[in-house]
Amino acid sequence: MNHIFGPVNSRRLGRSLGVDLFQEKICNLNCIYCEVGATTRLTCERDEYVATADILREIDTYCADAQRVAELDYVTITASGEPTLHKGFGEILVHLKKVTAKPVAVLTNGTTLNDEQVREELAGADVVIPSLDSALPESFRRIDRPARCLDLEKIIEGLIIFSHEYHGQLWLEILFARGINDSEADVQQLRHVVSRMRVDRVQLNTVARPPLESFALPLSREKMETIAELFRKDAPDRPVDLLALGVQHKDDESSSKKFDLAGGADTQALLVEIMEMLKRRPCTAADINETFHLESPEKVKQLLAPLVTSGLIHTRTHNDRLYYQ
Ligand code: SF4
């Protein structure tokens, strides 16, 4: 399976199956904090970058096992890039709803919502989680490094229109990087945009995992809490979540699968799953241990050592933690 991963246990969405529409990084942004890596195709074009039929076939193969579908809480459409740039996005979403009968969530960078067609396609999702990292052109350029074809004003207009048209859950995610998009003026302008939207939850994030650029630094816990308070003050009934506070990784994958490390075939299958996870985001040994319920982080290190030696997996230290990627 190239496009299906998980299911993973997410604090936000429960047991969620991931559908990744791309195999390479296709995006209209090249965010300094991106965990996927540098954008290889920086484009605003919607296209069928991967054959829709191939993705639908993979979904059907997965869904042939009714029992494992029954155990899912959500299906999440994502991408190594921006999923709405895939021209088959709407068809894939409709198909997922039909064959899984499960609620579908979409993670999007929110830049394509000024396109009426994209808004129509997204209307079928149960939860849409768009991002908006800055409402000021200079900070937006510095943190998200957009393709030339993007215009921040139009992006914001698209987000506002979509928020009022859409009937599902809308959770807006904002990621802050120290000294880049965290000034008083930045926060004030973001609050102003949010006040013009219909948003069910505001989700505040900061750089927690190894970012694409080493200058993408996290905010302090105090600063994140101060910003959260400001958003809470604006709408006391609307939840404001802090997705990352330095060392927090609890929102992430925690599969309920258990593996027998003594068994050769099981070990191979486990390594393939770990590699799939690392393709999407860097993880510590503790993250991997938590996800796959292995014996200990030490066991994970032993297991991955040959892959590190052979160069299949790389390691990188970030905030005094060793990450595999
Ligand atoms: S973080 Fe998301 S929107 Fe930003 S470059 Fe990476 S994939 Fe694209």
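Residues numbered from 1 in each chain as written. Predicted model: local features only at pLDDT ≥ 70, side-chain atom pairs only at ≥ 80, totals over all residues.

Visitor: Explain the domain arrangement of the protein chain to me, using residue names and the numbers behind them.
Guide: How big an interface is tends to be stated in terms of the accessible area lost upon association of its parts. On domain assignment, one finds that the protein chain holds domain 1 (4-242) and domain 2 (264-324). Centre-to-centre separation of domain 1 and domain 2, based on C-alpha positions: 26 Å. Domain 1 puts six residues into the contact, and the matching count from domain 2 is seven residues. Its residues assigned to classes, the side of domain 1 that touches domain 2 shows three nonpolar, one polar and two charged. (Domains from an automatic or database assignment. Contact = placed C-beta atoms within 7 Å. Nonpolar A, V, L, I, M, F, W, Y, C, P; charged D, E, K, R; others polar.)

Visitor: Tell me what's going on with unusual backbone geometry, and back it up with residues and numbers.
Guide: Most peptide bonds are trans, and most residues other than glycine sit at a negative phi. Note the cis peptide between glycine 6 and proline 7, where omega equals 5°. Relative to the assigned elements, proline 7 resides in strand S1 (residues 4-10). Even without being a glycine, alanine 101 presents a positive backbone phi close to 55°. In this fold, alanine 101 is placed in the loop between helix H3 (89-100) and strand S6 (104-108). For aspartate 320, which is not glycine, the phi dihedral falls at a positive 65°. Relative to the elements of secondary structure, aspartate 320 occurs in the loop between strand S11 (315-318) and strand S12 (321-324). Exposure remark for aspartate 320: the 6 C-beta atoms within 10 Å place this residue in the exposed category. (Helix = DSSP H or I, 4+ residues; strand = E, 2+ residues; numbered from the N terminus. Buried ≥ 20, exposed ≤ 12 C-beta atoms within 10 Å, placed from the backbone.)

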